[in-house]
Amino acid sequence: MDKKWEEMTPQEKREARFKKWLEAPGVKFSSKQAQKAYRERVQRFIDVINLKEPDRVPVSIPAGFFPAFYSGGTLEKAMYDYRYLEQSWKKFMQDFELDSFGGPGLVLPGKAMDLIGYRLHKWPGNGLPSDSAMYQYIEGEYMKLEDYESLIRDPSDFWMRTYLPRIASALEPLQYMSPLSAMIGIPLTVLGSFARPDVQKAFKTLIAAGKETARWQRAVRNVSIAALKAGIPSFGGGLSGAPFDMIADMHRGTAAAIMDMYRRPELLIEAMERITPIAIKIAVDGANNSLSPIISMPLHKGDDNFMSDKQYEKFYWPTFKKVLMGLINEGLVPMPFAEGSYMRRLEIIKDLPRGSVIWYFERTDLATAKKVLGGHACIAGNVPVSIICTGTPQEVKEMCRRQIEIAAPGGGYILAGAASMNKGNPANLRAMMEAAKEYGVYRK
């Protein structure tokens, strides 16, 4: 009799997720050859995660928003024209040999953001030139010092009635709603605030933005289905991060978060502890609706240059490790993207179960990372984006050769860029795959 999920060990859960990823139940492949290629690609990643040597080094092509420009358009066009978004990502998938496929899930729906008056970013055509290849985050103190207690007491209520009105102009009336916690008394007392015309208008705007988002989601889903049919697995099964970044990036802002570390450390730590189980659950829920068990985790403020070792060990690592372990215990494979340099963090981040994570590095010296983490954790990345964007195909290939020689021996390495190439020479992306096939073969 099969065990219930809650009765399984973390290793049993992971094996079940790997099996689902490999077998791809419900996927209708375009051919037997596509199905065979899919399983070979997934097995390649499973092997390196398990610190084994596959047939060759797997590759994660750092395409980013490149497909939008490769098809002759722009990121702005892809954000507002979902038909173009779908067509351009499918064209990229058809024209490039890929071990895995990153869909257009980060090409945000421009019309939906326009509707709600979204304030957290600038994007092409809305604060940035139409030909821009990236978003720009608008940092601010969207959560005030006095809001810590509200976040800690009731996160959902804080996000609904305080945070959303501050980050979206059309949602400002939500601040006048009664707290839903009033339901604990007489439930009908919360209905009065819905009589306000401005609150009604805000909800109508949310409905319109929701419908727009659903149209965008269909396009993203169509691309994912097409990739799977062609035998190209998705590498991302969900998204999470470090609680410190969640507070410092989009709530308090960098300057305020730094001040909190000195003036109100107990509040900062309590808030991070409060959102830790929420961060775990959201990632698990996302992965449960995906084939891939990989959880992408962009890290921003944990690098060597942002905080001291003592600060990292006090404010960053404890709750971040809890998120990592929460995902690992659910059979998932966290993939933290260690932006910047993590040279002083390597010994600290080694404190996780063997073969449980993929550490994706940007500027951390790969030889040192391999020396410390080799045989303990899978590592990825580190091919400089400057070379990918501005070098020749031969220069890209040569850099990949050097990275493979450093990190591939013994297994546990994924060839990947330090960041994405949103604009550039298509031949440079192809050169990465060529390098893996030429220099990264373990067995013929």
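Coordinates for the structure precede this section.
Residues numbered from 1 in each chain as written. Predicted model: local features only at pLDDT ≥ 70, side-chain atom pairs only at ≥ 80, totals over all residues. Heavy atoms only, no water.

**Q** Honestly, the nonpolar core in this entry has me stumped. Any pointers?
**A** It is characteristic of soluble globular proteins that their nonpolar side chains tend to be buried jointly. Core analysis: the biggest nonpolar cluster contains 103 residues, and Phe320, Trp359, Phe361 and Leu415 have the highest contact counts within it. Looking at this core element by element, the count peaks at 10 residues for helix α12 (residues 265-288). Excluding its chain neighbours within four sequence positions, the residues that come into contact with Phe361 are Phe337, Ala338, Tyr342, Leu346, Ile349, Ala369, Leu373, Ile379, Ala380, Gly381, Asn382 and Ala418. Among the nonpolar cores identified, the runner-up in size contains 25 residues, and Ala34, Ile46, Leu228 and Ile358 belong to it. (Core = buried A, V, L, I, M, F, W, Y, C linked by side-chain atoms within 4.5 Å. Buried < 20%, exposed > 50% of the residue type's maximum accessible area, 1.4 Å probe, protein only. Helix = DSSP H or I, 4+ residues; strand = E, 2+ residues; numbered from the N terminus. Contact = heavy atoms within 4.5 Å.)

**Q** What am I meant to see in the packing of aromatic side chains here?
**A** The description of an aromatic ring pair rests on the distance of the ring centres and on the angle between the ring planes. The full count for this structure, using the stated rule, is 24 aromatic pairs. For the pair Phe66 and Phe92, a centre-to-centre distance of 6.1 Å together with 75° between the ring planes defines the contact as edge-to-face. One end of the pair, Phe66, is in helix α3 (residues 66-70); the other, Phe92, is in helix α5 (residues 82-95), and 26 residues separate them in sequence. Members of the aromatic cluster, each reached through a chain of ring pairs, are Phe244, Phe306, Tyr312, Tyr316, Trp317, Phe320, Tyr342, Trp359 and Phe361. The positively charged end of Lys111 is found above the aromatic ring belonging to Tyr82, 5.9 Å away from the centroid. Arg430 extends its terminal NZ or CZ atom over the ring of Phe96, reaching a point 4.0 Å from the ring centre. (Phe/Tyr/Trp six-rings, centres within 6.5 Å; stacked < 30°, edge-to-face > 60°. Lys NZ or Arg CZ within 6 Å of the ring centre and 35° of its normal.)

**Q** Is there a simple way to explain the packing of helix α17 (residues 393-407) against helix α18 (residues 426-439) in this structure?
**A** Running from amino to carboxyl end, α17 crosses α18 at an angle of 40°, the nearest separation of the two axes being 8 Å. Put simply, α17 runs oblique to α18. Remark: the crossing between α17 and α18 carries right-handed chirality. Contacts between α17 and α18 pair Pro393, Val396, Lys397, Cys400, Arg401 and Ile404 from the former with Ala427, Asn428, Ala431, Met432, Glu434, Ala435, Ala436, Glu438 and Tyr439 from the latter. Of the residues in the contact of α17 with α18, the class split is 10 nonpolar, one polar and four charged. (Axes fitted to C-alpha atoms, helices over the stretch in contact; angles between N-to-C directions. Parallel < 35°, antiparallel > 145°, perpendicular 65-115°, else oblique. Left-handed = near helix turned anticlockwise from the far one by under 90°. Nonpolar A, V, L, I, M, F, W, Y, C, P; charged D, E, K, R; others polar.)

**Q** Would you mind going over the side chain of Asp157 with me for this structure?
**A** With respect to the element layout, Asp157 can be found in helix α8 (residues 155-167). A polar contact of 2.8 Å, which involves the side chain of Asp157, links it to the side chain of Arg161. The contact partners of Asp157, leaving out residues within four places of it in the chain, are Thr162, Pro179 and Leu180. (Polar contact = N/O pair within 3.5 Å; in protein donor to acceptor, adjacent residues only side chain to side chain.)

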